Amino acid sequence: MNILSLLVLVPVLTVAAILLAKDNKQTRLYSAVGMSIQLILSGILVYMYIQERNAGNTELMLFVKDYVWFESLNIHYAVGVDGIAVAMIALTSVIIFTGIFASWEVFNLHREFFISLIVLSTGVFGFFISLDLFTMFLFYEVAVIPMYLLIGIWGSGKKEYSAMKLTLMLMAGSALLLVGLLGIYMHSAPEGAPLTMNIMEIAKYDIPVEVQRFLFPFTFIGFGILGALFPFHTWSPDGHASAPTAVSMLHAGVLMKLGGYGAFRIAMFLLPEAANEQAWFFLLLTGGSVVYGALGAIKQKDLKYINAYSSVSHCGLILFGILMITKTAITGAIIQMISHGIMTALFFALIGMIYGRTHTRMIHEMGGLMKVIPFLGVAYVIGGLASLGLPGLSGFVAEMMIFAGSFEHADTFHRVLTIFAITAIVITAVYILRVVGILLLGPVKNKHFFELKDAKWWERLPLITLIAAIAFIGIAPFWIIELIDESLVPLMDKLLSIQ
Amino acid sequence: MDFTYTILIPLIPLFSFLIIGFLHNKLSNTVASGIGITALTASFVMSYYTAYKYFFTTEKIDGAYQKIIGYNTVWLQFTENLHIDMGTLIDPISVMMLVVVSTVSLMVHIYSTGYMKGEDGFNRFYSFLSLFSFSMFGLVVSTNIFQMYVFWELVGVSSFLLIGYYYDKPSAVAASKKAFIVTRFADMFFLIGILTVGYITDTYDFLALTDPSGSAIAQGGGILFMGMSTMTWALILIFMGGAGKSAMMPFHIWLPDAMEGPTPVSALIHAATMVVAGVYLVARLFPVYSISAPDALEVVAYVGAISSLFAAIVATTQFDIKRVLAFSTMSQIGYMITALGVSGMHGHEGVGYMASMFHLFTHAMFKALLFLGAGAVIHAVHSNLMNEMGGLRKYLPVTHITFLIATLTIAGVPPLSGFFSKDEILVAAFHHDKFIFFIQLFVAGLTAFYMFRLYFRVFWNKEPHYHHTPHDAPMSMKFPLMFLAMFSFVAGFLPFNEWITVDGKAIEIHTEWVVAIPATLFGLIGIAIAMVMYKKETAIPDKISAAFGKFYKWTFNKFYFDEIYMFVTHKIIFNIVSKSVAWFDRNVVDATMDGIGHVTEKSAEMIKGLQSGQIQKYGFVFISGAIIIAIAFILNLFY
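Residues numbered from 1 in each chain as written. Chains lettered and ligands numbered in written order. Predicted model: local features only at pLDDT ≥ 70, side-chain atom pairs only at ≥ 80, totals over all residues. Heavy atoms only, no water.

Chemist: What should I look at first to understand the overall build of chain A in this one?
Modeler: A count of helices and strands for chain A gives 20 helices and 2 strands. Taking 23 Å as the expected radius of gyration for a compact globule of 499 residues, we find that chain A reaches 22 Å, a close match to that expectation. Overall, the C-alpha framework of chain A stretches about 75 × 60 × 45 Å when taken along its three principal axes. For chain A, the proportion of its 499 residues judged to be buried stands at 68%. For chain A, the share of sequence-separated contacts (at least 6 apart) that also reach a separation of at least 24 residues comes to 81%. Of the accessible surface of chain A, which amounts to about 16100 Å², a share of 68% is contributed by carbon and sulfur atoms. In chain A, 28 positive and 30 negative side-chain charges are present, and the distance between their average locations comes to 16 Å. (Helix = DSSP H or I, 4+ residues; strand = E, 2+ residues; numbered from the N terminus. Rg over C-alpha atoms; globule rule 2.2 N^0.38 Å. Buried < 20%, exposed > 50% of the residue type's maximum accessible area, 1.4 Å probe, protein only. Contact = heavy atoms within 4.5 Å. Areas by Shrake-Rupley, 256 points an atom, 1.4 Å probe, with all protein chains shown as cover. Lys, Arg positive; Asp, Glu negative; His and termini not counted. Charge placed at Lys NZ, Arg CZ, Asp CG, Glu CD.)

Chemist: Please explain the packing of aromatic side chains as it appears in this structure.
Modeler: For any pair of aromatic rings, the description consists of the separation of the ring centres together with the inter-plane angle of the planes. A complete count under the given rule lists 71 aromatic pairs over all chains for this structure. On the numbers, 4.5 Å between centres and 40° between planes, the contact of Phe44(B) with Tyr48(B) is tilted. Of the two residues, Phe44(B) and Tyr48(B) both sit in helix α2 (residues 29-57), 4 residues apart, roughly one turn of that helix. Look at Tyr48(B) and you get partly exposed, because its relative accessible area is 27%. Of the aromatic side chains, those joined through ring pairs into one cluster are Phe3(B), Tyr5(B), Tyr49(B), Tyr52(B), Tyr54(B), Phe55(B), Phe56(B), Tyr65(B) and Trp499(B). Taking NZ or CZ as reference, Arg361(A) lies 5.6 Å from the ring centre of Tyr355(A), over its face. Positioned above the aromatic ring of Trp460(B) is the side chain of Arg393(B), whose terminal nitrogen or guanidinium carbon lies 3.9 Å from the ring centre. (Phe/Tyr/Trp six-rings, centres within 6.5 Å; stacked < 30°, edge-to-face > 60°. Lys NZ or Arg CZ within 6 Å of the ring centre and 35° of its normal.)

Chemist: Where do I start with the interface of chain B and chain A in this structure?
Modeler: Size of an interface: often given as the accessible area lost when the parts come together. Of the residues lining the interface, 42 residues belong to chain B; the matching set on chain A comes to 55 residues. Carbon and sulfur atoms supply 74% of the area buried between chain B and chain A, which totals about 4400 Å² over both sides. It is Trp75(B), Tyr167(B) and Arg184(B) in chain B that bury the most area against chain A; as a group they hold 15% of the surface buried on that side. On inspection of chain B and its partner chain A, the count reaches 4 salt bridges. Among the salt bridges present, the one from Asp590(B) reaches Lys165(A), with a minimum N-O distance of 2.5 Å. Seen at the junction of chain B and chain A, the total is 16 residue pairs in polar contact (both at pLDDT 80 or more). (Buried area = accessible area lost by both parts, 1.4 Å probe. Salt bridge = Lys/Arg side-chain N within 4 Å of Asp/Glu carboxyl O. Polar contact = N/O pair within 3.5 Å; in protein donor to acceptor, adjacent residues only side chain to side chain.)

Chemist: Looking at this structure, how should I read the pattern of salt bridges?
Modeler: Tallying each qualifying case throughout the model produces 19 salt bridges over all chains. In this structure, Glu605(B) engages Lys608(B) in a salt bridge whose closest nitrogen and oxygen atoms are separated by 3.3 Å. The exposure class assigned to Glu605(B) is partly exposed, which follows from its relative accessible area of 48%. Lys608(B) sits in the exposed class, given a relative accessible area of 52%. Residues participating in the shared-partner salt-bridge network are Lys165(A), Asp238(A), Arg586(B), Asp590(B) and Asp594(B).

Chemist: Got a minute to help me understand the nonpolar core in this structure?
Modeler: Here is a general trend for soluble globular proteins: nonpolar side chains tend to be buried in one another's company. Residues Tyr380(A) and Phe146(B) are the most contacted members of the largest nonpolar core, which totals 440 residues. If you tally residues by element for this core, the top one is helix α16 (residues 351-381) of chain B, at 22 residues. In this view, Phe146(B) contacts Phe396(A), Met400(A), Phe78(B), Ile84(B), Leu191(B), Ile194(B), Leu195(B) and Tyr204(B); residues no more than four positions away in its chain are not counted. (Core = buried A, V, L, I, M, F, W, Y, C linked by side-chain atoms within 4.5 Å.)

Chemist: Explain the packing of helix α5 (residues 145-163) of chain B against helix α11 (residues 263-272) of chain B to me, please; I cannot follow it from the model alone.
Modeler: Helix packing geometry: the angle between the two helix axes and the distance between the axes. All names here are of chain B. Their axes nearest at 11 Å, the elements α5 and α11 cross at an angle of 155°. The angle between the axes of α5 and α11 places the two elements in the roughly antiparallel class. Both α5 and α11 take part in a crossing whose hand is left-handed. Of α11, the residues touching α5 (which contributes Ser159, Leu162 and Ile163) are Val265, Ile269 and His270. Considering only residue class, the contact of α5 with α11 consists of 4 nonpolar, 2 polar and no charged. (Axes fitted to C-alpha atoms, helices over the stretch in contact; angles between N-to-C directions. Parallel < 35°, antiparallel > 145°, perpendicular 65-115°, else oblique. Left-handed = near helix turned anticlockwise from the far one by under 90°. Nonpolar A, V, L, I, M, F, W, Y, C, P; charged D, E, K, R; others polar.)

Chemist: Got a minute to help me understand the pairing of strand β2 (residues 83-90) of chain B in this structure?
Modeler: Sheet faces and side chains relate simply in a regular strand, where the side chains alternate between the two faces. Residues and elements named next belong to chain B. Counted residue by residue, β2 has 8 buried out of 8 residues, so it is predominantly covered. Burial along β2 is two-sided: the residues His83, Asp85, Gly87 and Leu89 and Ile84, Met86, Thr88 and Ile90 are all buried. When strand β1 (residues 68-77) meets β2, the two strands line up antiparallel, connected through 8 bridges. Opposite Gln77, over in β2, you have His83 as the bridge partner. Connecting β1 to the next strand, β2, in antiparallel fashion are 5 residues. (Pairing = 2+ DSSP bridges.)

Chemist: What is the right way to read the confidence of the model for chain B from this model?
Modeler: Close inspection of predicted coordinates is inappropriate in any region flagged by low pLDDT. Per-residue pLDDT for chain B averages 86, and the proportion of residues at 70 or more is 98%. ipTM for the predicted complex: 0.92, alongside a pTM of 0.92. (pLDDT = per-residue confidence, 0-100.)

Chemist: It is not clear to me how helix α3 (residues 92-115) of chain B should be interpreted in this structure. Could you clarify?
Modeler: In an α-helix there are 3.6 residues to a turn, and that puts residues three or four apart on one side. If you check α3(B), its first and last C-alpha atoms are 34 Å apart, about what 24 residues at 1.5 Å a residue would give, namely 34 Å. The buried count for α3(B) comes to 23 of 24 residues, which makes it a mostly enclosed element. (Expected span 1.5 Å × (residues − 1).)

Chemist: What's the story with a nonpolar patch on the surface in this structure? I'm lost.
Modeler: Together, Ile564(B), Phe567(B), Val568(B), Ile572(B), Ile573(B), Ile576(B) and Val577(B) line one region of the surface with nonpolar side chains, adding up to about 560 Å² of accessible area. With respect to the secondary-structure elements, Ile573(B) resides in helix α25 (residues 561-607). (Patch = residues over 30% accessible without salt bridge, like charges linked within 9 Å, V, L, I, M, F, W, Y side chains within 5 Å.)

Chemist: Honestly, the environment of Phe190(B) in this entry has me stumped. Any pointers?
Modeler: All names here are of chain B. The residue Phe190 is located in helix α6 (residues 170-201) in this model. When its relative accessible area of 0% is taken as the criterion, Phe190 is described as buried. Sequence-wise, Phe190 and Ala234 are 44 residues apart; in three dimensions their C-alpha atoms are separated by 8.5 Å. When near neighbours in sequence (up to four residues on either side) are disregarded, Phe190 contacts Ile145, Tyr149, Trp152, Leu237, Ile238, Gly241 and Leu281.

Chemist: Would you mind showing me how to read the pairing of strand β2 (residues 75-81) of chain A here?
Modeler: Residue and element names in this part refer to chain A. Counting buried positions over the 7 residues of β2 gives 7, a clear majority of the element. Neither face of β2 is open: one carries Ile75, Tyr77, Val79 and Val81, the other His76, Ala78 and Gly80, and all of them are buried. Bridge count between strand β1 (residues 62-70) and β2: 6 bridges; the pairing is antiparallel. Considered in β2, the bridge of Phe70 is made with Ile75.

What follows is the structure in structure tokens.
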């Protein structure tokens, strides 16, 4: 069987196994086993992909499989991956693996929770392997819908409101996206030829420019809403604040990346002329949101809000890098997707663990935690340092590639905007150090904190996994660049041929 | 000549950091410090070997020392020409810095076994020291400006971690945060400068950038932006980064607070090595400054001069001995920066460059000695404040003698090393700009005064009541003191004019009496005044500070720089900008989104009455509609 379809099948089988589980312990065991297999599988995929490339396979997409699904509309179940997709799949499997362990402690409706979570991840895996617009959209919806249940049922605070808001806003995005995708489909082939949903097929044909101009905003904003594009990001702070730990991890870590990935793979790649023409407008929005999100984070009091605003800033940088349309910047943006995915998952995992101990997320009610729970404290500091772009950790590589790539433009507009965005590195340092200072350092604020226990093994495992990934990308960025580099060439050729 | 092994100089401390860091709660203190010291000793030996090999056995070409790439590998590729490399560049200044960093770092490693004994987190301390040493070695051997930026950030974070070593103490936490954020703010300009230089010259490589006949230097002169070439702007931005790390005005505010860290850290990071990174940066890019952007060099000279004056004035009023030393560091770095600013490229014009590096070298030794001495004092009396000290010469004889040597050195008393290096700086300033020369001359006098104020106040003057009789430091602390004191003697006689020049060729130097005599005189006057005022307890200091009135108060409060920064960051950025952004996000952006939801809900509410299910109502609406359309047709409204 095709390895890509296995990636979808394993989560589905895991869900089936969970349905048969006798109690909560079995549930989490099955989940852990299933997602470990998934992690190994994606490791094998990376290995196979590199082998294939080394063997001289220069096909754009590897492991392609194509089944006709709905003939009259020419809808196929078409899968295939390039280096970028492989990287995103690896990211997803790491996050879902760690997410399972972050939900280890038994709570209400444990089984249903894991089912929803794994269904969600199925959607994400499906999205990344799809080559067919319809299939891709379908998987996209599969990923978004369980979110409503996960937040609405297992969330905290204003959970119904947040769940509703998040779902409705993402649905609004889907609606825009649907217009864009159908529009692309309608113009996917020259007059007379049969229409197609296959991305690779569409890319061979140049959609008329007028059509592109019309469709680009729909598609880009449609994906952008999921990628926290200003001003459509407001679902994110509320949503994250209410969501349970693993959901926040998966959502900020992976689901938001669907936005950036789709914006690049669909909106920019299939509508390149419009992308070049309209990039300036979205650059203003995203460049602004890089600084805006960081400023918004400074004065927040709730740990999750801080991280949510920080995500707005970092995800803004992803779209910013993509819109720069230089190879360096886009490479940087893709690394930023991975880097931010891991980093933010780490943060949300830690916040969940800290909340589980102190029963508060308000930073002013905590203090001196480094003394009592040093393992979590150190992990938080490392995450913070990665977030503020310390060399040797993943954030630095991504940011520098985006900035250096932006400076390749000869015009003043791009460079001035980049300089504006660079100011965020200082603001990020401010809010990160503020949190670290209040939360972890200083004297222990509450004498009950002295009774807190440091991380258990099921907490250490995900944290160490995530930190190792951050350090790995930060120290040896060349491997990941090699993985995505070749795949970027055709994409860039199409985008740059227009300029 | 093969210098490939030089890559090990930074890597060995890195391994030591990883080992101690991962096993910090498994290792005993002795083992942890043993690993750290062994690693540093290895780097120390290799650094000295490199210096020997480079200065004595490497063949000169055309009478000039060559720049040699010991090791180089591409780490992160941006474009074909722009990439971050990791490697080692061996040339006179990097070799000199290797010697400085390894010497001071090793001494601090040894000293800390005594000073930090019994501290909680002793192993953590040693792992951070190793991390710092790794970063600093990496910085000084950088082959390209982006590698330097990478390590620049890493020394910044090591400094952050070490200042905040006592992390349950709020003042230490605040100081570490301040140090990181202020330098980060400066680094932002540095980064923009690097990107601009890369854009103009299409290279980050130091060899390509600083080759006087190369294409990089020739470019960028043409494009003007606000009256100056883009290259000038880029170099000013880069210098701002350097000014941040080197605590030059207006980025100096973090350095005095950084004294919250353990004293050995102050000696290593905030006196001898990391804070001179800014000087080293300008020296590294000196040919670019000198040839393509003399305007930027002028800025450098004045920033240095003003900072050195400012810091020297403030130092005269401080009571915390570490803070006096911190301001003194800032003042001395101002000297080095100025010296670069007044320097030229070749022959005797290049004396400023040589003097700057010379002073960097001697300063590292005597300032580390001063800090370690201060550490021994603090260790003995458990206080930082000079009011709580006095008469310590009897109790701490070794510390006293070594401290006196260092104080005489910094005051510029011949034949100690400080005299020679400072003299060269004054000579360079004298030939370039008389105004700067007079500032520096005055600062020389002030330096002698405040340093001897400190010395007399601590070791002479009235003895307060000590709870325990102060004891001199253990051998582990005495040895570094004596070693560095010896260096303070010898360093002055090293032939820097032959070794370290801009173009690698030896230059002639000779004593210029017109400079040397007034400089020594100013120093002696400063010492004399301090002796009168502070050797015994007198009422003179109070009278003088009263006489200066407001000025004294301003000086004592460091001219309110901290308050201004506090106001701007907390009041304006945090409270006004950040709060309004947060408010705007909740109440405008989000409210709009919620509003759309509400409108949808409300309109649904309004029109839901239409779906009544009553056939009569539907029939009525249907027929009314039909009639309206019919009328419209009749009246030809559609045409």
